[in-house]
Amino acid sequence: MTGVRGAERPVEIPAQPYPFDCDLARTALIVIDMQRDFLEPGGFGELLGNDVGQLARTISPTRRLLEAARAAQLLIVHTREGHRPDLRDCPPTKRARGRLTTGIGDEGPNGRILVRGQRGHAIIDELAPAPGEVVVDKPGKGAFYATGLQELLHDHGVTSLLVAGVTTEVCVHTTVREANDRAFECLALEDCVGSYSPELHDAGLAMICAQGGIFGWVGSSPDVLSALRKPQPDGSTTRPVVPG
Ligand code: TIU
C-alpha cells in the first residue's frame, strides 16, 4: 500500500437507506465516463437513440464536487469507456448490439466512435482531469473489468467511493455492483449521476439502496460538500485549490 492520505477523517453523510460512514483519508471520488461520446451530440449516446440533453444537469454539481474533492485532497479517478483503434478489446457482440448503421469504431462528427484518442472519447471540458489525477480507460461498462482499478484503489488504501458520472443504470450501476463485490462501499450521488431515461435513473438508484443497501448508498452532493469542508483533526479545513 502506498498509503492512506494522512490521519483519519471520519465523516457521516446523510444517505439512503441510512447514513454513509466513511473515512475521508480512505475515500476516493470516481467520475464515470463524462465523455463527449455520451454527453454531446454526434456521439455514441446519441447514435443509440438517446437525448443527450438529459445528462446536462449532472455537469455543474459534478464540477463543484470535483473542486471540493481536490481541495480536500481525495484521490480522484476519472474513467473513460472506449476501445483501442484496432478494436481488439471490443467484443464483436458489443459492436453488433443495437444494429447501428454508425457504431463503435465508425467515423462520426467527433472522430471514430468510442475509440481512444478521438475527440469524442475525451472527457468534456468542464470536467477535464487535473494534472496528476488518475484516468482509467475501460473497455466495458464496469470500471473494474480489464483495468487495474482494484489494485490502484488498494495501493491508495481506499475503502469507500463517492460515485458520479453516466449513465446511472449502465456504467455507474455496473461499477457500483463490481465495487460492492470487491468490498468497496459506494455512495452514488443522485445529482451527479445521470441517465437518458429518468425512469431508469430512478430505478437504478432505488436498486442500489434497496434491501438495506444491497449494493451501496444513495446521497446527494451538497451533503458531501458539507462533509468535505468539515474541519480536520488538526483544525484545518481544506487546502487551497491550485488551478490545474
Ligand atoms: N448506453 C448507456 O446508457 N451507457 C453506456 O453505453 N455507457 C455508459 O454508461 N458509460
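Residues numbered from 1 in each chain as written. Predicted model: local features only at pLDDT ≥ 70, side-chain atom pairs only at ≥ 80, totals over all residues. Heavy atoms only, no water.

### Remarks on the site of the ligand
Asp-33, Phe-38, Phe-44, Leu-48, Glu-81, Lys-141, Val-166, Thr-167, Val-170, Cys-171 and Tyr-196 make up every residue found near the ligand. For the ligand, a nitrogen atom lies 2.7 Å from a polar atom in the side chain of Asp-33. One of the backbone nitrogen or oxygen atoms of Val-166 is found 3.2 Å away from a nitrogen atom of the ligand. Within the shell around the ligand, the residues separate by chemical class into seven nonpolar, one polar and three charged. (Near = heavy atom within 4 Å. Polar contact = N/O pair within 3.5 Å; in protein donor to acceptor, adjacent residues only side chain to side chain. Nonpolar A, V, L, I, M, F, W, Y, C, P; charged D, E, K, R; others polar.)

### Examining unusual backbone geometry
The step from Gln-16 to Pro-17 runs through a cis peptide bond, and the omega angle for that step is 5°. Structurally, the position occupied by Pro-17 is in the loop between strand S1 (10-13) and strand S2 (20-23). For the peptide bond that leads from Val-166 to Thr-167, omega is -15°, which places it in the cis range. Position of Thr-167 among the secondary structure elements: in the loop between strand S8 (160-166) and helix H6 (168-181). Of note, Arg-99 is a non-glycine position whose phi angle comes to about 50°, a positive value. Relative to the elements of secondary structure, Arg-99 occurs in the loop between helix H4 (92-96) and strand S5 (107-108). Residue classification places Arg-99 among the exposed positions, given a relative accessible area of 80%. Despite not being glycine, Gln-211 has its phi angle at roughly 55°, a positive value. Structurally, Gln-211 is set in helix H7 (residues 198-213). Taking the relative accessible area as the measure of exposure, Gln-211 reaches 69% and is therefore exposed. (Helix = DSSP H or I, 4+ residues; strand = E, 2+ residues; numbered from the N terminus. Buried < 20%, exposed > 50% of the residue type's maximum accessible area, 1.4 Å probe, protein only.)

### Some remarks on the pattern of salt bridges
Scanning all chains against the criterion turns up eleven salt bridges. Where Glu-81 meets Lys-141, a salt bridge forms, and the shortest distance between an N and an O atom there is 2.7 Å. Of this pair, Glu-81 sits in strand S4 (residues 75-81) while Lys-141 sits in the loop between strand S7 (134-138) and helix H5 (149-155), placing them 60 residues apart in sequence. Of the charged contacts, one joins Arg-116 and Asp-89 as a salt bridge, the two residues approaching to 3.6 Å between their closest N and O atoms. You can see Arg-116 sitting in the loop between strand S6 (111-112) and S7 and its partner Asp-89 sitting in the loop between S4 and H4, a full 27 residues away along the chain. (Salt bridge = Lys/Arg side-chain N within 4 Å of Asp/Glu carboxyl O.)

### Observations concerning the sheet that holds strand S3 (residues 27-32)
With respect to topology, six strands assemble into an open sheet ordered S7-S4-S3-S8-S9-S10, the strand pairing being parallel. Each of the sheet's edge strands pairs with one partner strand only, and the pair in question is S7 and strand S10 (217-219). Taking each pair of neighbouring strands and ignoring which way they run, the sheet shows an average axis angle of 25°. The pairing of S4 with S7 spans five bridges and is parallel. For Val-77, the partnering residue across the bridge sits in S7 and is Val-134. (Pairing = 2+ DSSP bridges. Axes fitted to C-alpha atoms, helices over the stretch in contact; angles between N-to-C directions.)

### Focus: the confidence of the model for the protein
Of the residues in the protein, 93% reach a pLDDT of 70 or more, and the chain-wide mean stands at 94. In the predicted structure, residues 239-244 sits below a pLDDT of 50 and forms six contacts with residues beyond four places in sequence or in another chain. (pLDDT = per-residue confidence, 0-100. Contact = heavy atoms within 4.5 Å.)

### Describing the packing of H6 against H7
The relative placement of two packed helices comes down to the angle between their axes together with the axis-to-axis distance. Running from N to C, H6 and H7 cross one another at 10°; their axes reach a closest spacing of 10 Å. In terms of orientation, H6 and H7 fall into the roughly parallel class. For the crossing formed where H6 meets H7, the hand is right-handed. Within the contact between the two elements, H6 uses Thr-168, Glu-169, His-173, Val-176 and Arg-177 and H7 uses Leu-200, His-201, Gly-204, Leu-205, Met-207 and Ile-208. Partitioned by chemical class, the residues of the contact of H6 with H7 number five nonpolar, four polar and two charged. (Parallel < 35°, antiparallel > 145°, perpendicular 65-115°, else oblique. Left-handed = near helix turned anticlockwise from the far one by under 90°.)

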